[in-house]
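# Analysis of the macromolecular model
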Amino acid sequence: MALMLNGMGVSRGVSIGDVFILRRNQHEYIEQKISGKDLSKEIKRYKTAHSNAKKQLRKIRKEIPKESPDDVSSFIETHLLMLDDAMMASSPIELIKQNQCNAEWALKLQRDAIVKVFDSMDDPYIATRQDDVKHVFNHIMDALVSSEKTRTTDKKTQWKDRIIIADDLTPADTMIMQHSGVAGFVTEMGGPLSHTAILARSLDLPAVVGLHDARLFLKAGETLAIDGKNGLVIAEPDETLIEHFHKRQRDLRRKAKELSKLNDAKSRAKSGEKITLLANMEVEEDLKHLRKVKASGVGLYRTEFLYLQDNKIPDEEEHYKTYTRVLRALRGAPLTIRTVDLGADKEIDAVNSGPVAHNPAMGLRGIRLCLNDPSIFVPQLRAILRASAKGPVKIMFPMLSTVPELLQAKHLLETTKESMRINGYKFDEKIPLGGMIEVPAAAISASHFAEHLDFLSIGTNDLIQYTLAIDRVDDQVNYLYDPLNPAVLSLIKMVIDAGVKHKIPVTMCGEMAGNPNYTRLLLGLGLREFSMPPNSILEVKNILRQTRLSTVRRPALSFLHCTDKEKQSALLEKINS
Ligand code: PEP
Ligand code: MG
């Protein structure tokens, strides 16, 4: 019988596929058959992992503070001795050969056999030794798993057409998944504004998040149908449900085809005003989509994905090559490069955002991280400046909270320009500089920020998070996420007004800009530039082409005073009718 579960839908597609359970934080012992010459590669893999586990333990031994009790180092010594024992050094290799299997499986067989021996003795001292044995096996397994990170080809074949079920996924995981051809994913944690969810939307990957205990109810290998719009997950759907999902897929394709007729239509309101529709991009694959829908350019390039995709800091040359490639693909359309916004849910091992991260969203992230470590920031600024000689580029700073912080970042930009001038580099001397307004303090002081900038861009994802004090990746407080909250709308209006006062453009690049339900409301509040995932552009264009701006101004203002949810829904229905 079909089992129906409900989570939060974060992208609009639907899909059907077999379940693949991913236990990211636990070791996976999956048996794989290995034969022929691959067997010697697998043995080599085990030997490397074994020797890396030893290196790791020796490193730990070296780092033990001198004042530590002797027990600490003897404990490590014991583990090192165990590693050298045949039970760990050579027996698993024999098992790989005998069973023609992968190293992880052989390690599991060996571990189970030894644990069984320990289990048969009931001396409490021996029992603690059993824990040591497990720890040492885990060291080798860790080393195997970290070498596994690079064995993505295996994942590619394992994940193709599957629906991945995991506790949580990082944006980097999501990128690997898309390349592996997964059919969709379901996570137990996370909210619709996490970067994983944003990426799923932009990659058109059906996804459901916040489905607690999903891995308890869903079994590996069973068929699953997921509805990324309504958050519905159905295990073992019957023929009727499968047909229903196939029909939904056909309907979505039909709707996309219908909307594609607007590719070349002008982006103007029915009353004639020009409205700029820009695209958000995370990865270079987005360029295909944004060209198809004829976006006017890129309003937000989330460059941190350059760091996340290889889990390392790109050097100046890598930045420069990527930006020039993107510019070439844009054929003269402007590219707004947001300087790296790492931290919070976008972490890489090479960048340490500090030891105390109880509230990482409020910690060393975005521009704070860059100002804290110019060795990350300056190479990116140099690359952006160099790229500006090749095409229209704008720079945008994320997560600004105070004007002095902006001035410090501007100063660093100016000194970078100066050193590049001295060294004969060409760049656009008038490169526009913008700031993201995504912290309430910055929204309230938008006018002061506007004095120092060429454009503002409203990041509603963070603005809503910080205004309503809800962690955007925490599904437990997600019910409070509300773009229609009058406090949020008032801040948005303040930023738009500051732009008008200082005669500088204001864009919105948070997810709210791509939600067609809010297009008229935002137009009514005075917004004229929207930046969104490319696959939302035509829907928004469709709405604005049917909108007379004079008719939405007054209804939009009434949202600013409406705290009642039912009245908000009624207002929304009215403005959209
Ligand atoms: C935002 O906060 O609205 C935004 C566009 O930036 P990000 O989602 O990358 O934090
Ligand atoms: Mg943000």
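Everything numeric in this text was worked out from a predicted model, so none of it was measured.

## Describing the site of ligand 1
Within the structure, ligand 1 sits among 17 residues, and His-195, Arg-302, Arg-338, Asn-461 and Arg-472 are positioned closest to it. Between ligand 1 and the protein, one listed contact pairs an oxygen atom with a side-chain N or O atom of Arg-302 at 2.7 Å. Note that an oxygen atom of ligand 1 is positioned 3.4 Å from one of the backbone N or O atoms of Gly-459. Burial of ligand 1 by the surrounding chains reaches 100%, relative to a free accessible area of 290 Å². Where the shell around ligand 1 is concerned, the elements lending two or more residues are helix 9 (195–202), strand 10 (298–302) and helix 20 (460–467). In terms of residues, the shell around ligand 1 owes the most to one element, helix 20, which gives 3 residues. Class assignment of the residues belonging to the shell around ligand 1 gives a composition of 4 nonpolar, 5 polar and 8 charged.

## Considerations on the environment of Pro-404
Along the chain, Pro-404 falls in helix 17 (residues 403–422). Along the sequence, Pro-404 and Val-495 sit 91 residues apart, while their C-alpha atoms lie 19 Å from each other.

## Considering a nonpolar patch on the surface
There is a patch of nonpolar side chains on the surface, built from Leu-3, Leu-216 and Phe-217 and spanning about 300 Å² of accessible area. Mapped onto the elements, Leu-216 comes out in helix 10 (residues 214–217). You can call Leu-216 exposed: its relative accessible area is 67%.

## Here we look at the coordination of the magnesium ion (ligand 2)
Ligation of the magnesium ion (ligand 2) by protein atoms is provided by Glu-438 (OE) and Asp-462 (OD), these donors lying 2.0 to 2.1 Å from the ion. On the criterion of sequence distance, the pair formed by Glu-438 in the loop between strand 13 (433–437) and helix 18 (440–444) and Asp-462 in helix 20 is long-range, its members being 24 residues apart.

## Some remarks on the state of the cysteines
Counted according to the given criterion, the structure contains 0 disulfides. Left without a disulfide partner, Cys-370 is nearest to the cysteine sulfur of Cys-509, which lies 16 Å away.

## What to know about the domain arrangement of the chain
A common way to report how large an interface is uses the accessible area buried once the components associate. When its domains are assigned, the chain resolves into domain 1 (3–24 + 36–256) and domain 2 (273–576). A straight line from the C-alpha centre of domain 1 to that of domain 2 covers 34 Å. Our count for the domain 1 to domain 2 interface comes out at 3 salt bridges. Between Glu-539 and Arg-12 there is a salt bridge; the shortest N-O distance is 2.4 Å. Inspection of the domain 1/domain 2 interface yields 12 residue pairs in polar contact (both at pLDDT 80 or more). Mapped onto the side of domain 1 that touches domain 2, the elements with two or more residues apiece are helix 8 (171–179) and helix 9. Grouping the constituent residues of the side of domain 1 that touches domain 2 by class yields 10 nonpolar, 9 polar and 5 charged.

## Points about the side chain of Ser-15
Position of Ser-15 relative to the elements: it lies in strand 3 (residues 14–22). You can call Ser-15 buried: its relative accessible area is 6%. Polar contacts involving the side chain of Ser-15 include one to the main-chain carbonyl oxygen of Ala-183, which spans 2.8 Å. If sequence neighbours within four positions are ignored, Ser-15 has contacts with Ile-163, Ala-183, Gly-184, Pro-206, Leu-224, Ala-225, Ile-226, Phe-245 and Gln-249.

## Some details on the sheet that holds strand 11 (residues 335–338)
Taken in spatial order, the 8 strands close into a barrel running 9-10-11-12-13-14-15-16, and their pairing is parallel. Put simply, the sheet's adjacent strands are angled 25° from each other on average, direction ignored. By the bridge criterion, 3 bridges tie strand 10 to strand 11 in an arrangement that is parallel. Along strand 11, the bridge assignment pairs Arg-302 with Arg-338. Lying on the sheet, helix 23 (residues 537–544) is in contact with strand 9 (276–281) and strand 16 (529–532); it crosses strand 9 at an angle near 165°.

## Observations regarding the side chain of Arg-382
Residue placement: Arg-382 occurs in helix 16 (residues 374–387). On the basis of relative accessibility, which here comes to 16%, the residue Arg-382 falls in the buried class. Looking at Arg-382, its side chain comes within polar contact range of the side chain of Glu-316, at 2.7 Å. Those residues within four positions of Arg-382 in sequence are excluded, and the remaining contacts are Glu-316, Thr-416, Ser-419, Met-420 and Tyr-425.

## Here's the deal with the packing of aromatic side chains
What the rule picks out here adds up to 3 aromatic pairs. Each ring, one from Phe-20 and one from Trp-159, has its centre 6.3 Å from the other, and the planes form 65°; the classification is edge-to-face. Placement of the pair is Phe-20 in strand 3 and Trp-159 in helix 7 (residues 152–159), with a sequence separation of 139 residues. Overall, Phe-20 belongs to the buried group, its relative accessible area being 9%. On the basis of relative accessibility, which here comes to 3%, the residue Trp-159 falls in the buried class. The aromatic ring of Tyr-320 is capped on one face by Arg-386, whose charged end is 4.0 Å from the ring centroid.

Conventions adopted
Residues numbered from 1 in each chain as written. Chains lettered and ligands numbered in written order. Predicted model: local features only at pLDDT ≥ 70, side-chain atom pairs only at ≥ 80, totals over all residues. Heavy atoms only, no water. Near = heavy atom within 4 Å. Polar contact = N/O pair within 3.5 Å; in protein donor to acceptor, adjacent residues only side chain to side chain. Areas by Shrake-Rupley, 256 points an atom, 1.4 Å probe, with all protein chains shown as cover. Helix = DSSP H or I, 4+ residues; strand = E, 2+ residues; numbered from the N terminus. Nonpolar A, V, L, I, M, F, W, Y, C, P; charged D, E, K, R; others polar. Patch = residues over 30% accessible without salt bridge, like charges linked within 9 Å, V, L, I, M, F, W, Y side chains within 5 Å. Salt bridge = Lys/Arg side-chain N within 4 Å of Asp/Glu carboxyl O. Buried < 20%, exposed > 50% of the residue type's maximum accessible area, 1.4 Å probe, protein only. Donors = N, O, S within 2.8 Å, 3.2 Å for Na, K, Ca; no water. Disulfide = S-S within 2.5 Å. Domains from an automatic or database assignment. Contact = heavy atoms within 4.5 Å. Pairing = 2+ DSSP bridges. Axes fitted to C-alpha atoms, helices over the stretch in contact; angles between N-to-C directions. Phe/Tyr/Trp six-rings, centres within 6.5 Å; stacked < 30°, edge-to-face > 60°. Lys NZ or Arg CZ within 6 Å of the ring centre and 35° of its normal.

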